[in-house]
Amino acid sequence: AISTMLGRGPSYKNVLVNDLILDAEGQKMSKSKGNVVDPWDAIGEHGSDAVRWYFITSSNPWLPKRYDPAGVRESARRFFDTLFNTYKFFALYAYAEDWSPSDSDPELSERPLLDRWLISRLDSLVQRMTNDLDQYQLTRAYRALGEFVVEDLSNWYVRRSRPRFWGNVDTVDTRAAFRTLWEALREVALLAAPCVPFVSDWLHRALTDESVHLQRYPRTTGISDPQLEADMDAARALVSLGRAAREEVKIRVRQPLRGVQAVIPGGQTLTEEVLNVVKEELNVKEVSFLTTAEGIVTLVARPNFRSLGQRFGKQTNDAAAAIRRLSQKSLSVFRDGGSMQIELNGEMHELEEGDIDVLQEASSGLVVKGEGAYTVALDPELDDELLAEGVARELVNRIQRLRKDSGLDISDRIELAIGGADDIQEAADQHEEFIRGETLALTVTISPHVQESDFPHVQEVDIDGTPALIGLR
């Protein structure tokens, strides 16, 4: 199948097969042991595509591998469930908005940053998978596809783009989002076809009414943007660290914060478009960049006595003491991959990876998280303005839950009423436009009380310990 889709025809002479299949405990299957698994039972339980995906992605085909039903289920859940849910999301909103691909969809160069990034990632993925398959690296190729579907497509692109599919005022932006997701799903079906022929054919037919197995395997178009991909990787690294900092001080993401200070490799900065992604993901007003983390963190060396003991024996304690005396500059160099030496009894010894852990400790009121050359320092201080915006975002969350629980369609517009204490009313009044836009509300009435008889859907909610009442129709 791979040879045919790649257009290589009969010139491919090699055949790649699995090595020995073991049971879940790593034992050779034997009738006498009673641990033989009937392939048809496995296919009946999980489906042939799920079994094939598990065997290909669990380890290289030429290695012995265990057949573990739990492993098959987990592998299928992560890839197939994510792919199905992504398609269901697309189909639901495409039907609601009556969208189908057409020449009126914006060209790639006219689409927003997130769309251009996803298509660039796809093009890079096509190149990577083609190279891997040419080298018979099936496991490496399809692990890359699985990672793209779960992390890039679902957890990043779809999650960040959700509001764009709700039929907002900007119809060009909505069409760009639909077209980008449609192109991505179609390309995934083509890339997956040699490995999971049934699921990929179903998906491709759902998107195009054509069989995936009558198409050519994708070829790179050269539209990848390495700088954009690198910038987005940096943004995602900062977001991960920023969220970890929020978790440490137990401030949820819906609560806006004033800002973060960040350090990325090479002392670089990010473009305004990418920077906005970081701001939105971390829900902060400002992101400022520093060339180094000096001033906001102190580097601390933690000796790894197990590693040091194997190398220095009786001099282990002396080596640990020398490591603790290393300067901030030396620790920074070592953390970033540079070489570093310590002196013991007049002899110089180069430190090896694993000899020490370089940790970061906050040297101010900021909450600092770091990984490698990335550092994020979060300002956790809250003022009245930030608190009010946090209340408004919590109200939106509760309203959206009530919409869903009330059985409203995703595109239904509503009339909304919000009642509660003075701080609830003040927050709702200050951010009325935001609340209206997020909840598809045509009108918003804010008062101390909500007339329950006026609204078929009413619910009392708790906003940070303060009761509020929401009514909608």
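The rules behind each value
- Residues numbered from 1 in each chain as written.
- Predicted model: local features only at pLDDT ≥ 70, side-chain atom pairs only at ≥ 80, totals over all residues.
- Heavy atoms only, no water.
- Buried < 20%, exposed > 50% of the residue type's maximum accessible area, 1.4 Å probe, protein only.
- Helix = DSSP H or I, 4+ residues; strand = E, 2+ residues; numbered from the N terminus.
- Arc of directions from axis to C-beta.
- Contact = heavy atoms within 4.5 Å.
- Polar contact = N/O pair within 3.5 Å; in protein donor to acceptor, adjacent residues only side chain to side chain.
- Pairing = 2+ DSSP bridges.
- Phe/Tyr/Trp six-rings, centres within 6.5 Å; stacked < 30°, edge-to-face > 60°.
- Axes fitted to C-alpha atoms, helices over the stretch in contact; angles between N-to-C directions.
- Core = buried A, V, L, I, M, F, W, Y, C linked by side-chain atoms within 4.5 Å.
- Parallel < 35°, antiparallel > 145°, perpendicular 65-115°, else oblique.
- Left-handed = near helix turned anticlockwise from the far one by under 90°.
- Nonpolar A, V, L, I, M, F, W, Y, C, P; charged D, E, K, R; others polar.

Student: Give me the lowdown on helix H11 (residues 305-312), citing residues and values where you can.
Tutor: Of all the positions in H11, only Ser-307, Leu-308 and Phe-312 are classed as buried. The buried residues of H11 occupy an angular sector of 105° when the element is viewed end-on, so they sit on one face. Facing away from the buried surface of H11 by more than 90 degrees, the exposed residues are Arg-306 and Gln-310. Packing partners of the buried residues in H11 comprise strand E5 (297-303), helix H12 (316-324), strand E6 (341-344) and strand E7 (347-350). Between a side-chain oxygen at the N-terminus of H11 and the backbone nitrogen of Arg-306 the separation is 3.2 Å; the capping residue is Asn-304. At the exit of H11 stands Gly-313, carrying a positive phi of roughly 55°.

Student: Outline the pairing of strand E3 (residues 257-263), listing residues and values.
Tutor: Among the 7 residues that make up E3, 5 are buried, leaving the element largely enclosed by the rest of the structure. For E3 and strand E4 (residues 284-289), the ladder comprises 5 bridges, and the chain directions are parallel. Pairing of Val-260 across the sheet is with Val-287, part of E4. In this structure, E3 lies alongside strand E10 (residues 374-378), joined through 4 bridges in antiparallel fashion. The residue of E10 that forms the bridge with Gln-261 is Ala-377.

Student: Describe the packing of aromatic side chains, listing the residues and the values that go with them.
Tutor: Summed over the entire model, instances satisfying the criterion amount to 15 aromatic pairs. Between Phe-79 and Phe-80, the ring centres sit 5.1 Å apart and the planes meet at 70°, which makes this aromatic pair edge-to-face. Judged by its relative accessible area of 5%, Phe-80 is buried. Considering the side-chain rings of Tyr-87 and Phe-90, the 6.4 Å spacing of their centres and the 45° angle between planes classify their relative orientation as tilted.

Student: Let's hear about unusual backbone geometry: which residues, and what values?
Tutor: Positioned with a positive phi, Tyr-136 is a non-glycine residue whose angle comes to about 60°. Considering the arrangement of structural elements, one finds Tyr-136 in the loop between helix H5 (113-134) and helix H6 (138-161). Looking at Tyr-136, the relative accessible area reads 22%, which means it is partly exposed. Residues other than glycine seldom take positive phi values, yet Asp-464 does so here, at roughly 50°. Summarising the element assignment, Asp-464 is placed in the loop between strand E13 (457-463) and strand E14 (466-472).

Student: A description of the sheet that holds E3 should follow, citing residues and the corresponding values.
Tutor: In space, the 4 strands of this open sheet follow the order E4-E3-E10-E9, with mixed pairing throughout. One side of each edge strand has no neighbouring strand; the edge strands of this open sheet are E4 and strand E9 (367-371). Neighbour-to-neighbour, the strand axes of this sheet turn through a mean angle of 20°, independent of strand direction. Relative to E10, helix H9 (residues 226-249) is tilted by about 40°, and along the sheet it contacts E3, E4, E9 and E10.

Student: For the nonpolar core, give the residues involved together with the corresponding values.
Tutor: One finds Phe-90, Tyr-142, Leu-145, Tyr-157, Leu-181 and Leu-270 to be the most contacted residues of the largest nonpolar core, which totals 85 residues. If you look at the next biggest cluster of nonpolar residues, it comprises 21 residues, including Ala-388, Val-396, Ile-414 and Ala-428.

Student: Got a sec to walk through the packing of H9 against helix H10 (residues 272-282)? Specific residues and values, please.
Tutor: Packing of H9 against H10 leaves a shortest axis separation of 9 Å and a crossing angle of 20°. In terms of orientation, H9 lies roughly parallel with respect to H10. Crossing angle aside, the handedness with which H9 passes H10 is right-handed. Contact residues: H9 offers Leu-228, Asp-231, Met-232, Ala-235, Leu-238, Val-239, Gly-242, Arg-243 and Arg-246, while H10 offers Val-274, Val-277, Val-278, Glu-281 and Leu-282. Class assignment of the residues belonging to the contact of H9 with H10 gives a composition of 9 nonpolar, 1 polar and 4 charged.

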